[in-house]
Each structure stands twice: as C-alpha cells, then as structure tokens.
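Below, each chain spelled out in residue letters.
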Amino acid sequence: MPQPMMRLGEYVFSLDTAVYQSMSRTSKYNWAEQARIGRNPSLQYTGTGADTLSLPGIIFPTFKGKLRQLEAMRAEAEKGTPLLLIDLYGLNKVNRNVLGYWCITSVKEKTSDYLAGGIPQKIEFTLDLKYFGDKL
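Report on the accompanying structure. (Residues numbered from 1 in each chain as written. Predicted model: local features only at pLDDT ≥ 70, side-chain atom pairs only at ≥ 80, totals over all residues. Heavy atoms only, no water.)

Points about the overall build of the protein
We apply this condition: Put simply, DSSP marks the helices as runs of H or I at least four residues long and the strands as runs of E at least two long, and each gets a number from the N terminus on. The buried label applies to any residue whose accessible area, calculated with a 1.4 Å probe on protein chains only, is under 20% of its type's maximum; exposed applies above 50%, and partly exposed to all values in between.
When its secondary structure is counted, the protein shows one helix and ten strands. Overall, the protein shows an N-to-C arrangement of helices and strands of β-β-β-β-β-β-β-α-β-β-β. Taking the principal axes of the C-alpha coordinates as reference, the protein spans close to 70 × 40 × 25 Å. The buried share of the protein, taken over its 136 residues, is 32%.

A word on the environment of Asp87
Of note, Asp87 is situated in strand S8 (residues 83-87). By relative accessible area, which is 4% here, Asp87 ends up buried. Sequence separation of Asp87 and Thr111 is 24 residues, and the distance between their C-alpha atoms is 27 Å.

A short note on the pairing of strand S6 (residues 39-48)
Under the convention used in this document: One bridge is not enough; two strands pair if DSSP finds at least two bridges between them.
In terms of residue burial, S6 counts as a barely covered element, since only one of its ten residues are buried. Across seven bridges, strand S5 (residues 29-36) lies against S6 in antiparallel orientation. Following the sheet pairing, Gln34 is matched in S6 by Ser42. Hairpin connection between S5 and S6: a loop of two residues separates the two successive antiparallel strands, and Gly38 in this loop has a positive phi of roughly 70 degrees.

So, helix H1 (residues 69-78)
Quick reminder of the rule: Working definition: the arc comes from the directions between the helix axis and the C-beta atoms, pointing outward to the latter.
Within the span of H1, buried status applies to Gln69, Leu70, Met73 and Glu76. Buried residues along H1 cover an arc of 115 degrees about the axis, so they all sit on one side. The positive-phi residue at the C-terminal boundary of H1 is Gly80, with phi of around 70 degrees.

Comments concerning the nonpolar core
For clarity, the threshold we go by: As used here, the term nonpolar core means buried Ala, Val, Leu, Ile, Met, Phe, Trp, Tyr and Cys residues forming a set that is joined through side-chain atoms within 4.5 Å. For this analysis, residues touch if any pair of their heavy atoms sits within 4.5 Å.
Grouped together as the largest cluster of nonpolar side chains are 21 residues, with contacts concentrated most on Leu8, Phe13, Met73, Leu85, Leu127 and Leu129. Counting only elements with at least two residues in this core, the list comes to strand S1 (6-8), strand S2 (11-13), strand S7 (52-59), H1, S8, strand S9 (97-114) and strand S10 (120-133). Excluding anything up to four places from it in sequence, Leu85 contacts Met6, Arg7, Leu8, Leu53, Asn97, Val98, Leu99, Gly100, Trp102 and Leu129.

Brief notes about unusual backbone geometry
With phi around 55 degrees, Asp113 is a residue other than glycine that occupies positive phi space. Among the structural elements, Asp113 can be located in strand S9. Given the relative accessible area of 47%, Asp113 is considered partly exposed.

Looking at a nonpolar patch on the surface
This is how it is decided: Patch criteria: residues need more than 30% relative accessible area and no salt bridge. Like-charged residues are merged within 9 Å; nonpolar side chains of Val, Leu, Ile, Met, Phe, Trp and Tyr are merged within 5 Å. All accessible areas in this document rest on Shrake-Rupley with a 1.4 Å probe, and a residue is counted as covered only by the protein chains that are shown. Within this document, salt bridges are pairs made up of a side-chain nitrogen of Lys or Arg and a carboxyl oxygen of Asp or Glu, the two lying within 4 Å of each other.
Taken together, the side chains of Tyr29, Trp31, Leu43 and Tyr45 make up a nonpolar region of the molecular surface, amounting to roughly 490 Å² of accessible area. Mapped by element, the contributors of at least two residues to the nonpolar patch are S5 and S6. Locating Trp31 in the fold gives a position in strand S5.

Looking at the environment of Leu43
Within the element layout of this structure, Leu43 appears in strand S6. For Leu43 and Thr62, which are 19 residues apart along the polypeptide, the C-alpha to C-alpha distance reads 54 Å. Those residues within four positions of Leu43 in sequence are excluded, and the remaining contacts are Trp31, Ala32 and Glu33.

Points about the environment of Ile123
Structurally, the position occupied by Ile123 is in strand S10. Its relative accessible area of 3% is what places Ile123 among the buried residues. A sequence separation of 63 residues divides Ile123 from Phe60, and the C-alpha atoms of the two residues are 6.4 Å apart. Not counting the four nearest positions on each side in its chain, Ile123 is found in contact with Gly57, Ile58, Ile59, Pro61, Leu67, Leu70, Glu109, Lys110 and Thr111.

Structure follows, in structure tokens:
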C-alpha cells in the first residue's frame, strides 16, 4: 500500500488517489500607500494577507487513482468549511506537519489520452487553497 502524501479534510493524496507534482505557496504582506505632495508615496505595513497554496498534479486512472478523484476533491470543497491540511511525510505522528485550516478556492481539470468510450488515461488537475487559520 503506497504511503499517503498529504491529507486535506477527508481527502488523502497518494499514488492510489491523486499525486500532486509540486506545491507552490504564496505569502502576502500588506502595505498601505499614503500619497505625499511632491514626493513618492510612503508605505505603512498593515499586516499579513492570506497565504495561498497551489497543488498541480496528475491522475492516471487506468494505472492508479481511479476516475472519481476530482469528484472527491470537489465534494470536500462543496462542504463550504475550512479543511485541516496535514502533510503525511512520516509513518508516525512525530514526523507529521499540521499546516492549519485551508479553504478550497478552485479545482481545475484537464483530461487527455482517451480510450474507447471517452475514458481519459491522464487527468491533470490543480487544486488552489487559501489559508483560513490555525483553528476553526
């Protein structure tokens, strides 16, 4: 049985479900601009913005992953609640990293390499998340 990679709510990323190929995290920092006569505007730090994560990946449903994985991701998104994100790099709880609560903001899908009956052999996806916080 393949080692799980990450868990978002009830959805587990692994070779048997969906494998994300990379993870991009963007952190924002807010600065308010104040106009000044005859000078460049001054900036005042007003705090952090929400972090975002982008998880692009691939599912090969005829090999592993099955056809309904994106439906499972969308079902998690449609709950309309922040989901706990935990990386599962280690086999025990000591190596796990709780990343806090995240909201799914979009699920993108691209299918290709079709078999008879329109069954795709390759499903590319991107899951976009926005940070909610450490606690609900």
